[in-house]
Amino acid sequence: MATVELRFSAQPEHVRTARLVAAAVARRAGVDEAVLDEVRLAVGEACSRAVGLHRNHGITAPVRVALTEEEKTFSIEVGDGVLPAGGGAGAPDAPEGAGPGDPHEADAEGEDQMGLAVISGLVDDVEVTTDDDGGVIRMTWPTTPAVVLP
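Everything numeric here is computed off the predicted structure, so don't read it as measured data. (Residues numbered from 1 in each chain as written. Predicted model: local features only at pLDDT ≥ 70, side-chain atom pairs only at ≥ 80, totals over all residues. Heavy atoms only, no water.)

Chemist: What exactly am I supposed to notice about helix 2 (residues 36-57) here?
Modeler: Residues spaced three or four apart along an α-helix point in a common direction, a consequence of the helix completing one turn every 3.6 residues. In this model, helix 2 (22 residues) spans 31 Å end to end at C-alpha, consistent with the 32 Å of a helix rising 1.5 Å per residue. One or two residues past the end of helix 2 sits Gly58, with phi positive at roughly 65°. (Helix = DSSP H or I, 4+ residues; strand = E, 2+ residues; numbered from the N terminus. Expected span 1.5 Å × (residues − 1).)

Chemist: Please explain the sheet that holds strand 2 (residues 63-69) as it appears in this structure.
Modeler: As a general point, the strands of a sheet are linked pairwise by backbone hydrogen bonds and lie either parallel or antiparallel. Pairing is antiparallel across the open sheet formed by 5 strands, whose spatial order is 1-2-3-5-4. Only two strands of the sheet have a single partner each, and these edge strands are strand 1 (2-8) and strand 4 (125-131). This sheet shows a mean twist of 15° between the axes of neighbouring strands, independent of strand direction. Two elements, strand 1 and strand 2, share 7 bridges in a ladder whose sense is antiparallel. Paired with Thr3 across the two strands is Thr68, which belongs to strand 2. (Pairing = 2+ DSSP bridges. Axes fitted to C-alpha atoms, helices over the stretch in contact; angles between N-to-C directions.)

Chemist: Can you help me understand the pairing of strand 2 in this one?
Modeler: On any regular strand, side chains alternate: one points to one face of the sheet, the next to the other face. Most of strand 2 sits out of view: 6 of its 7 residues are buried. Taking the residues that link successive antiparallel strands as the turn, the strand 2-strand 3 (residues 73-79) hairpin has 3 residues. (Buried < 20%, exposed > 50% of the residue type's maximum accessible area, 1.4 Å probe, protein only.)

Chemist: Would you explain helix 1 (residues 15-29) in this entry?
Modeler: For helix 1, which comprises 15 residues, the first-to-last C-alpha distance of 21 Å matches the rise-based estimate of 21 Å (1.5 Å per residue) to within 8%. Three or more residues of helix 1 are buried, namely Val15, Ala18, Ala22, Ala23, Val25, Ala26 and Ala29. For helix 1, the secondary structure elements touched by its buried residues are strand 1, helix 2, strand 2 and strand 3. Looking one or two residues beyond helix 1, the residue adopting positive phi is Gly30, at roughly 105°. (Contact = heavy atoms within 4.5 Å.)

Shown next, in the form of structure tokens:
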């Protein structure tokens, strides 16, 4: 199992780099060429979502991306540093200045749900979980075995 790890500061301009790296690694892993645009778009959406969450919650930790090639699958995990409400030291639950019922918080949650809907429309196998470092979106695609010519 080969893994490529990428970490970048939560800046929108770094999302493009993550998309390009994901497409290159997916191609090398054997993901069908017809699916590479979906990989690129899904990774871009997941990374943009993570960047937005980091910025809205004042998190300075980098966005985490792990691209893993397994025997018959290729998976990408995009991790943000947002812990569930009440969890983890140093991770604020809401943006600075946002109070209960703050309209900015509601807008951010709506954008978050929209991003997840877009990702679900692009990728058949999506899992959204939380680990010790925050939220994780895991997306998986099948790979085709390399044909060895005689």
